[in-house]
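As a plain string of letters, each chain reads:
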Amino acid sequence: MQVAFQTLGCRLNEAETEAWSRQFRAAGARVVPADRADVVVLNTCAVTGEAARKSRQWIRRLRRANPDARLVVSGCYASLRPEQVARELGVDLVVPNRDKDRLVELARQLLPAPATAAHEAPVFTRSRQRAFVKVQDGCRHRCTFCIVTVARGEERSRPVDEVVAEIQALRREGVQEAVLSGIHLGGYGSDLGSSLTALLRAVLERTDLPRLRLGSLEPWELGEDFFALFRDPRLMPHLHLPLQSGSDAVLKRMARRCRVADFRTLALTARRHRPDLVLTTDIIVGFPGETEADFQQTLALVEEIGFAHVHIFPYSPREGTAAAAFPHQVDEKTKKDRSRRLHRLAATLRHQVLEAWVGKTAAVLWERGEWHDGRRWFSGYTPHYLRVQMPAPEGTDLSNRIQTVRLAAVAPEGDRLVAEPV
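Computed from a prediction, not measured in an experiment: that's the story for all the values here.

Criteria and cut-off values
Residues numbered from 1 in each chain as written. Predicted model: local features only at pLDDT ≥ 70, side-chain atom pairs only at ≥ 80, totals over all residues. Heavy atoms only, no water. Helix = DSSP H or I, 4+ residues; strand = E, 2+ residues; numbered from the N terminus. Rg over C-alpha atoms; globule rule 2.2 N^0.38 Å. Contact = heavy atoms within 4.5 Å. Areas by Shrake-Rupley, 256 points an atom, 1.4 Å probe, with all protein chains shown as cover. Lys, Arg positive; Asp, Glu negative; His and termini not counted. Charge placed at Lys NZ, Arg CZ, Asp CG, Glu CD. Expected span 1.5 Å × (residues − 1). Buried < 20%, exposed > 50% of the residue type's maximum accessible area, 1.4 Å probe, protein only. Pairing = 2+ DSSP bridges. Axes fitted to C-alpha atoms, helices over the stretch in contact; angles between N-to-C directions. Phe/Tyr/Trp six-rings, centres within 6.5 Å; stacked < 30°, edge-to-face > 60°. Lys NZ or Arg CZ within 6 Å of the ring centre and 35° of its normal. Core = buried A, V, L, I, M, F, W, Y, C linked by side-chain atoms within 4.5 Å. Parallel < 35°, antiparallel > 145°, perpendicular 65-115°, else oblique. Left-handed = near helix turned anticlockwise from the far one by under 90°. Nonpolar A, V, L, I, M, F, W, Y, C, P; charged D, E, K, R; others polar.

Chemist: Could you clarify how one ought to interpret the overall build of the protein chain in this entry?
Modeler: Along the protein chain, the regular secondary structure elements total 13 helices and 18 strands. For a compact globule of 422 residues, the expected C-alpha radius of gyration is about 22 Å, and the protein chain comes in at 22 Å, within 12% of that figure. In terms of overall dimensions, the protein chain has C-alpha extents of about 65 × 55 × 50 Å along its principal axes. Considering only contacts within the protein chain whose residues lie at least 6 apart along the sequence, 72% involve residues at least 24 apart. Taken as a whole, the protein chain presents about 18,700 Å² of accessible surface, with 50% of it coming from carbon and sulfur. With 62 positive and 52 negative side-chain charges, the protein chain shows a spacing of 1 Å between the two charge centroids.

Pasting the structure below:
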């Protein structure tokens, strides 16, 4: 069997796709481009209306690219619209989120047994040196804007031993960095009598993984014992904490469990334990009822916290959520205007964070090389999740190496640093 993958959306989707890839390879399959595959697997997203549109677009694109392949679709969009996906979009197999663990088994039933002998090594080229590891799924909270909780269901955590074993296996494959991912990552272990802190401690103690990173983490249920773990240099000093709004009035309508004062305290606590900790966030602009005064409070808090990056989402009504029926929906022109203003502020803050690192050294995990102007430039990330690029000496392959470099300048585009050898 030859199989191809396409992933949309969050890091949890990426973690699931990587797990499917490993399972297919263990069964003797080869990972190939979509136009050469027997089976094409698409992991969809539905977090916004635009994400749902892209999911439909990709289903049609993959079908056109390889009409003879069996098309398998999973993820949040497929889970919310399984009949539509199967009937209207010509999908051979829809695997809802609740059955994702069985996707490989179900997909293999679409084709006859592969002719490849069991002892033959599958062909697979890892596109990056960072692996996403799914440790948790589902969410017990119901933010009024969120359709993902409907698509993903209740919280379910993987046992600590299982996660540790997967990371050990990834390490044997040469992976240098793992990103723990989940829908409500901070709620890990709520169904197991454990916690995210306990999981992190186990991974740090029982594996020799050089770099451990966390995916998006809701800004609650994080105590002093959690932040104390950042004393270990293998736990990367970067947290993505979705704020969503800097207005308490908006946060209340969103049914968020964190208010402005809580978030401010959380940031101070985090930076007390790790002063160089880099914070990034998500902001929704134009949530129903958001006034100009509410938006100004968001701008002020974003600037105060000094986020290194802000993912900005114009509010998108999602059928099946409470907020879709709220009064005082904000018009599209206002959403676009607020989005532009927040983008300008976010770009300024990002440039400030990058400028603060110029002249310093950092350990960069190099991921890939691309040719520009006759030179091969490698890109990678510092522990603080700052993107770095550097030209490599002729004949040198930096892929999957962790190298200490000098951060010499901010790139003209303002979104990354340019490095030079120490």
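Past the structure itself, the notes keep going.
Chemist: Looking at this model, I keep getting lost on helix α12 (residues 292-305). Mind explaining?
Modeler: Along an α-helix, residues three or four apart share an orientation, since each turn contains 3.6 residues. In this model α12 runs 20 Å from its N-terminal to its C-terminal C-alpha over 14 residues, within 8% of the 20 Å that 1.5 Å per residue would give. Of all the positions in α12, only D294, F295, T298, L299, L301, V302 and I305 are classed as buried. Buried residues in α12 make contact with α10 (248-254), α11 (260-273), β12 (278-285), β13 (309-314) and α13 (332-357). Following α12 by one or two positions, G306 has its phi on the positive side, about 75 degrees.

Chemist: Even after reading the chapter, I still don't get the sheet that holds β13, so can you show me in this structure?
Modeler: Paired through backbone hydrogen bonds, the strands of a sheet run either parallel or antiparallel to each other. Spatially, β11-β12-β13 is the arrangement adopted by the three strands of the open sheet, whose pairing is parallel. The sheet is open, and its two edges are formed by β11 (238-240) and β13, each paired on a single side. On average, each strand axis in the sheet is inclined to that of its neighbour by 15 degrees, with strand direction left out of account. Alignment of β12 against β13, held across six bridges, turns out to be parallel. What sits directly across from D282, in β13, is H311. Across the sheet, α13 touches β12 and β13, and the angle it forms with β13 is around 175 degrees.

Chemist: Looking at this model, I keep getting lost on the environment of M1. Mind explaining?
Modeler: Note on placement: M1 falls in the segment before β1 (2-7). Between the alpha carbons of M1 and V104 there is a distance of 12 Å; along the sequence they are 103 residues apart.

Chemist: Honestly, the sheet that holds strand β2 (residues 30-31) in this entry has me stumped. Any pointers?
Modeler: Reading across the sheet, the five strands line up as β2-β1-β3-β4-β5 and stay open at both edges, with parallel pairing between neighbours. Unpaired on one side and paired on the other, β2 and β5 (93-95) mark the two borders of the sheet. Helix-sheet contacts for helix α1 (residues 11-26) involve β1, β2, β3 (39-44) and β4 (70-75), and the interaxial angle to β1 is about 175 degrees. Against the sheet, helix α2 (residues 49-65) makes contact with β1, β3 and β4, and its axis sits at roughly 170 degrees relative to β3, the strand it touches most.

Chemist: Please clarify how the packing of aromatic side chains should be interpreted in this entry.
Modeler: Each aromatic ring pair is described using two quantities: the centre-to-centre distance and the angle formed by the ring planes. This model, assessed by the stated rule, comprises eight aromatic pairs. Judged by centre distance (5.0 Å) and plane angle (75 degrees), the rings of F226 and F227 are edge-to-face. Judged by relative accessible area, F227 falls into the buried class, the value being 2%. Ring centres of Y381 and Y385 lie 4.5 Å apart, and the angle between their planes is 10 degrees; on these two criteria the pair is classed as stacked. According to the relative accessible area criterion, Y381 is buried, its value standing at 18%. Taken together, the ring pairs connect F145, F287, Y315 and F326 into an aromatic cluster. In this structure, R11 packs its charged tip against the face of Y385, placed 5.1 Å from the ring centre.

Chemist: Quick question: what am I supposed to make of the nonpolar core here?
Modeler: In globular proteins that are soluble, nonpolar side chains generally tend to be buried together. Core analysis: the largest hydrophobic core is formed by 90 residues, its most contacted members being F226, L239 and L342. Here this core gets six residues from one element, more than from any other, and that element is helix α8 (residues 196-206). Apart from residues lying up to four places away in sequence, L239 is in contact with L214, L217, F226, F227, F230, L277, V278, L279 and T280. Counting 19 residues, the second-largest nonpolar core is a separate cluster that includes V388, A392, L398 and L407.

Chemist: Which parts of the structure should I look at to understand the packing of helix α7 (residues 160-172) against α8?
Modeler: A pair of packed helices can be characterised by two numbers: the angle between their axes and the separation between those axes. Here α7 crosses α8 at 40 degrees, and the two axes come no closer than 10 Å. Considering the angle they form, α7 stands oblique to α8. In this structure, the crossing between α7 and α8 has a hand that is right-handed. Between α7, through V160, D161, V163, V164, I167 and Q168, and α8, the contact on the second element is made entirely by L199, A202, V203 and R206. Of the residues assigned to the contact of α7 with α8, the class counts are seven nonpolar, one polar and two charged.

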